[in-house]
Amino acid sequence: MVSQVERARRFRELHERTGAFVIPNPWDGGSARILAGLGFQALATSSGAAAGVLGRRDGHITRDEALAQVRIIIAATELPVSADLEKGFGDSPEIVAETVRLAAEAGLVGCSIEDATGEKERPLYDFDAAVARVEAAVRAARSLDFPFVLTARAENFLRGKPDLADTIRRLQAYEAAGADVLFAPGLPDLDAVRKVCAAVKKPVNFMVGIRGKSFTVAELAAAGVRRISLATSLYRAAMHGLVDAAREIRESGTFGYVDRTMTSGEFAKYITGK
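The present account deals with the structure reproduced in this document. Note that the structure is a prediction, hence the values are computed from the model and not measured.

**Observations concerning the packing of helix H5 (residues 93-105) against helix H6 (residues 127-142)**
- In the contact formed by H5 and H6, the axes pass within 8 Å of each other and the chain directions differ by 35°. Every pair of crossing elements has a handedness; the one defined by H5 and H6 is right-handed. Taken together, the residues of H6 that come into contact with H5 (itself represented by Pro93, Val96, Ala97, Val100 and Arg101) are Ala132, Arg133, Ala136, Ala137, Ala140 and Ala141.
- In the contact of H5 with H6, the residues fall into 9 nonpolar, no polar and 2 charged.

Rendered as structure tokens:
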């Protein structure tokens, strides 16, 4: 198996290349093997998919549950893996730092920390508190003996505050705090993407997966995006296939979906790599 240090080196190098790379989001060992077999160079988890696997909604799993899934995905391939660790599973900077250290112990070479509180009444952390949380995450990442990639997320557009100026202000502060990658999910259009990319020097991640707010790799690269993640979109695509097949059985009593899926042999090739 490739060492964690080597995976970390590969992951950082991907961010230093010209253009944009896609980092897909598997939800278990099998999906990780398939994505590796298709030629992707790194993987990321999705908090929404991780929750879906356990039959829950996004934001309703524990840190231990998230890291247990992470370990399965890491063990499935030799690719670098970064994790969506939501707000770090706690409010205080100390808990966020602990989460980053535990993420590294689990085998991850990167993770994202967001500034959403998970509370309806106060959906975003105040600016100073949000920056302090990123600073703590960065200190924890820098204490490791390999280059852990820390992504800081400004959640304005997903949390009822579609304020581009405040989003950029937060991302610039997270960059100054030492974050390696900046991320503002839910940006409404390419003009907003361009403005975000122009406002910071560190690599910007764009999240594909929202209808009407997802763009091509070429368009995003031209706008200045360096990394493109897919959130829950692949998991939702897989579950859409499940629902379609199950509906056909229940409503028609037919099994036409069998003719539209890959064969067991084709699936086995992805799993075994042969």
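The discussion continues.
**Some points on the packing of aromatic side chains**
- Going through the model one piece at a time under the given rule, you end up with 3 aromatic pairs.
- If you follow Arg169 out to its NZ or CZ, it ends over the ring of Phe127, 3.7 Å from the centre.

**A look at the side chain of Arg227**
- On the secondary structure map, Arg227 appears in strand E8 (residues 227-229).
- Buried charged residue Arg227 carries no salt bridge. Nearest counter-charge: Asp180, at 8.6 Å.
- Within the structure, the side chain of Arg227 is placed 3.0 Å from the side chain of Thr151, a separation counted as a polar contact.
- A distance of 2.6 Å separates polar atoms of two side chains, one belonging to Arg227 and the other to Asn205.
- When sequence neighbours within four positions are dropped, the list of residues in contact with Arg227 reads Phe11, His15, Phe21, Ile23, Val149, Thr151, Val181, Val204, Asn205 and Phe206.

**Brief notes about the pairing of strand E7 (residues 204-207)**
- Side chains Val204 and Phe206 project from E7 onto one buried face, and the interleaved Asn205 and Met207 project onto a second face that is buried too.
- By the bridge criterion, 2 bridges tie strand E6 (residues 181-183) to E7 in an arrangement that is parallel. Among the inter-strand pairings, Leu182 is bridged to a residue of E7, identified as Val204.
- Traced from E6 through helix H8 (residues 190-199) to E7, the parallel crossover comes out right-handed.

**A short note on the nonpolar core**
- Judged by nonpolar contacts, the single largest core of 70 residues is most densely connected at Phe148, Leu150, Tyr174 and Leu220.
- Looking at this core element by element, the count peaks at 8 residues for H6.
- Not counting chain neighbours up to four residues away, the residues in contact with Phe148 comprise Arg12, Val100, Ala103, Ala104, Leu108, Val109, Gly110, Cys111, Ala141, Arg142 and Asp180.

**Notes on the pairing of strand E3 (residues 81-84)**
- Residues Val81 and Ala83 line one face of E3 and the alternating positions Ser82 and Asp84 line the opposite face, and both faces are buried.
- Pairing of strand E2 (residues 43-44) with E3, which is carried by 2 bridges, proceeds in the parallel orientation. Each residue of the ladder has a partner; that of Leu43, found in E3, is Val81.
- Relative to strand E4 (residues 110-114), E3 runs parallel, the two being bridged by 3 bridges. If you follow Ser82 over to E4, its bridge partner there is Gly110.
- What joins E3 to E4 is H5, and the crossover it makes is right-handed.

**Some thoughts on the environment of Lys213**
- Summarising the element assignment, Lys213 is placed in the loop between E7 and helix H9 (217-223).
- For Lys213, a relative accessible area of 32% puts it in the partly exposed group.
- When sequence neighbours within four positions are dropped, the list of residues in contact with Lys213 reads Gly186, Leu187, Pro188, Phe206 and Met207.

Criteria and cut-off values
- Residues numbered from 1 in each chain as written.
- Predicted model: local features only at pLDDT ≥ 70, side-chain atom pairs only at ≥ 80, totals over all residues.
- Heavy atoms only, no water.
- Axes fitted to C-alpha atoms, helices over the stretch in contact; angles between N-to-C directions.
- Helix = DSSP H or I, 4+ residues; strand = E, 2+ residues; numbered from the N terminus.
- Left-handed = near helix turned anticlockwise from the far one by under 90°.
- Contact = heavy atoms within 4.5 Å.
- Nonpolar A, V, L, I, M, F, W, Y, C, P; charged D, E, K, R; others polar.
- Phe/Tyr/Trp six-rings, centres within 6.5 Å; stacked < 30°, edge-to-face > 60°.
- Lys NZ or Arg CZ within 6 Å of the ring centre and 35° of its normal.
- Buried < 20%, exposed > 50% of the residue type's maximum accessible area, 1.4 Å probe, protein only.
- Lys, Arg positive; Asp, Glu negative; His and termini not counted.
- Salt bridge = Lys/Arg side-chain N within 4 Å of Asp/Glu carboxyl O.
- Polar contact = N/O pair within 3.5 Å; in protein donor to acceptor, adjacent residues only side chain to side chain.
- Pairing = 2+ DSSP bridges.
- Right-handed = clockwise from strand over helix to strand, strands pointing away.
- Core = buried A, V, L, I, M, F, W, Y, C linked by side-chain atoms within 4.5 Å.

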